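Next come the chains, spelled out residue by residue.
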Amino acid sequence: LCVFTHGLKPRARLGNMVDRSHINNWLTDMDGVLWHEGKPIPGAPELIKKWTDAGTAFLVLTNNSIYTPRDLAARLQAGGLNIPEERIYTSALATADFIKSQLPGGKAFVIGEAGLTTAMHEIGYVMTEVNPDYVVLGETRNLSFDALTKAVRLINKGARFIATNPDVTGPSNEGPIPATGSVAALITAATGKTPYIVGKPNPMMFRSAMRKIDVHSKDTAMIGDRMDTDIVAGIEAGLHTILVRTGISDDAEIARYPFRPTEILNSVAD
């Protein structure tokens, strides 16, 4: 065990100090762990190749609901990271899986991009503005006042409110931009209804991911770069958790939380 003393910065645990012999399957975040600003993080291509060559069960998870897994795989491959589309699991897919389990063959009013609308079509849902069962909100770069107005009115009429993820901002080359959580807050303010959020930090996304590759939490690990999404959801899902420092979590950020990952490493290269 690693001891964290009050007032001292938490130190990274060395990989050889932690027993991973029981870990056969892997879940990993994408941005900040494998990928950053259009390029693979050093060690990521080698890790993915190692898992692929060994036939290891793994999934790459992302709260980004804009792109389909095929689109993401193509974008990653163009940058030098070869991840098959069937190894990518987005919050849009997790949301569609959840909605299908709740009400198969229903109707939804969807605010989002191709990643979300494609996922909803693939579960047999009808996209409609007339008496939908759900209003489903995902990441979008084409938000309109008309769509917001329809969402508010449909929720007020009884449609259930679902959001793919809680992120209030997202990254861009020019700086942070409003994301799903910000739009959800606007709709909540107008309706008084808060959405059920499917993506991280909801551990349901991890459980859905494990079902997708038919593995169990007892021998599965999660690699992430955020304490407030990846690590807390991994802990709640019963996974071995590994925090890497290549994303947003530094020692000061780690120390803010009352929980700890199983391991803290510098990067996936470790």
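Small disclaimer: the values here were computed from a predicted structure and weren't measured.

Participant: When you look at the nonpolar core in this model, what are you seeing that I'm missing?
Facilitator: Within soluble globular proteins, side chains that are nonpolar tend to cluster in buried spots. Ranked by internal contacts, the top residues of the largest apolar core, which has 32 residues, are L27, L61, Y89, I99, M120, V136 and F206. Of all elements in the fold, only strand 4 (57–62), helix 3 (91–102), strand 6 (107–111), helix 4 (114–122), strand 8 (134–137) and helix 7 (203–212) reach the threshold of two or more residues within this core. With 6 residues, the single largest contributor to this core is helix 3. With residues up to four places along the chain from it excluded, the contact list for I99 reads P104, M120, I123, Y125, Y134, V136 and I162. If you look at the next biggest cluster of nonpolar residues, it comprises 24 residues, including W51, I242, V244 and L265.

Participant: Sorry, what's going on with the packing of aromatic side chains here?
Facilitator: Given two aromatic rings, one states the distance between the centres and the angle between the planes to describe the pair. Enumeration over the complete set of coordinates arrives at 5 aromatic pairs. On the basis of an interplanar angle of 25 degrees and a centroid distance of 5.5 Å, the ring pair of W26 and W51 is categorised as stacked. Here W26 is found in strand 1 (residues 25–29), whereas its partner W51 is found in helix 1 (residues 44–54), with 25 residues between them in sequence. For the pair Y125 and Y134, a centre-to-centre distance of 6.4 Å together with 45 degrees between the ring planes defines the contact as tilted. In this structure Y125 comes out as buried when scored by relative accessible area, which is 3%. Among the aromatic residues, those joined into a cluster by ring pairs are W26, W51 and F58. One cation-aromatic arrangement involves R87 over F58; the distance from NZ or CZ to the ring centre is 5.1 Å. Over the ring of Y134 we find R160, and its NZ or CZ is 4.7 Å from the ring centre.

Participant: Honestly, the confidence of the model for the protein chain in this entry has me stumped. Any pointers?
Facilitator: Parts of the model with low pLDDT should not have their predicted coordinates read in detail. In this model, the protein chain carries a mean pLDDT of 92, and residues with pLDDT of at least 70 account for 93%. A low-confidence stretch, residues 1–16 stays under pLDDT 50, and its non-local contacts, those more than four residues away or across chains, total 26 contacts.

Participant: Would you take a moment to explain the sheet that holds strand 6 for this structure?
Facilitator: Strand pairing in a sheet takes place through backbone hydrogen bonds and is either antiparallel or parallel in direction. The parallel open sheet is built from 5 strands, whose spatial order is 7-6-8-9-12. A strand with exactly one partner marks an edge of an open sheet, and here the two such strands are strand 7 (126–127) and strand 12 (196–197). Bridge count for strand 6 against strand 8 is 4 bridges, and the pairing is parallel. Residue pairing in the sheet places A108 in a bridge with Y134 of strand 8.

Participant: Would you mind showing me how to read the packing of helix 3 against helix 4 here?
Facilitator: Angle between the axes and distance between the axes: these two values describe a pair of packed helices. Relative to each other, helix 3 and helix 4 sit at 30 degrees, their axes nearing to 8 Å. For the element pair helix 3 / helix 4, the angle class is roughly parallel. Like other packed secondary-structure pairs, helix 3 and helix 4 cross with a definite hand, here right-handed. Residues A92, L93, A96 and I99 of helix 3 form the contact with helix 4, whose own contacting residues are G115, L116, A119 and M120. When its residues are assigned to classes, the contact of helix 3 with helix 4 shows 7 nonpolar, 1 polar and no charged.

Participant: I tried to follow the layout of surface pockets on my own but got confused; where do I start?
Facilitator: Empty pockets left among the atoms are what a rolling probe the size of a water molecule brings to light. Here the second largest pocket is characterised by a volume of approximately 320 Å³. Lining the second largest pocket are 18 residues, with R20, W26, L47, K50 and W51 sitting closest to its centre. Put simply, the parts of the chain that give the lining of the second largest pocket at least two residues each are helix 1 and strand 14 (240–244). Residue contributions to the lining of the second largest pocket peak at 5 residues, all from helix 1. Considered class by class, the residues forming the lining of the second largest pocket number 11 nonpolar, 3 polar and 4 charged.

Rules of the game
Residues numbered from 1 in each chain as written. Predicted model: local features only at pLDDT ≥ 70, side-chain atom pairs only at ≥ 80, totals over all residues. Heavy atoms only, no water. Core = buried A, V, L, I, M, F, W, Y, C linked by side-chain atoms within 4.5 Å. Buried < 20%, exposed > 50% of the residue type's maximum accessible area, 1.4 Å probe, protein only. Helix = DSSP H or I, 4+ residues; strand = E, 2+ residues; numbered from the N terminus. Contact = heavy atoms within 4.5 Å. Phe/Tyr/Trp six-rings, centres within 6.5 Å; stacked < 30°, edge-to-face > 60°. Lys NZ or Arg CZ within 6 Å of the ring centre and 35° of its normal. pLDDT = per-residue confidence, 0-100. Pairing = 2+ DSSP bridges. Axes fitted to C-alpha atoms, helices over the stretch in contact; angles between N-to-C directions. Parallel < 35°, antiparallel > 145°, perpendicular 65-115°, else oblique. Left-handed = near helix turned anticlockwise from the far one by under 90°. Nonpolar A, V, L, I, M, F, W, Y, C, P; charged D, E, K, R; others polar. 1 Å grid on protein atoms, 1.4 Å probe; cavity = no way out; pocket = protein on both sides within 12 Å on 5 of 7 lines; lining within 4 Å. Points joined across faces, edges and corners; volume = space filled by probe spheres on them.

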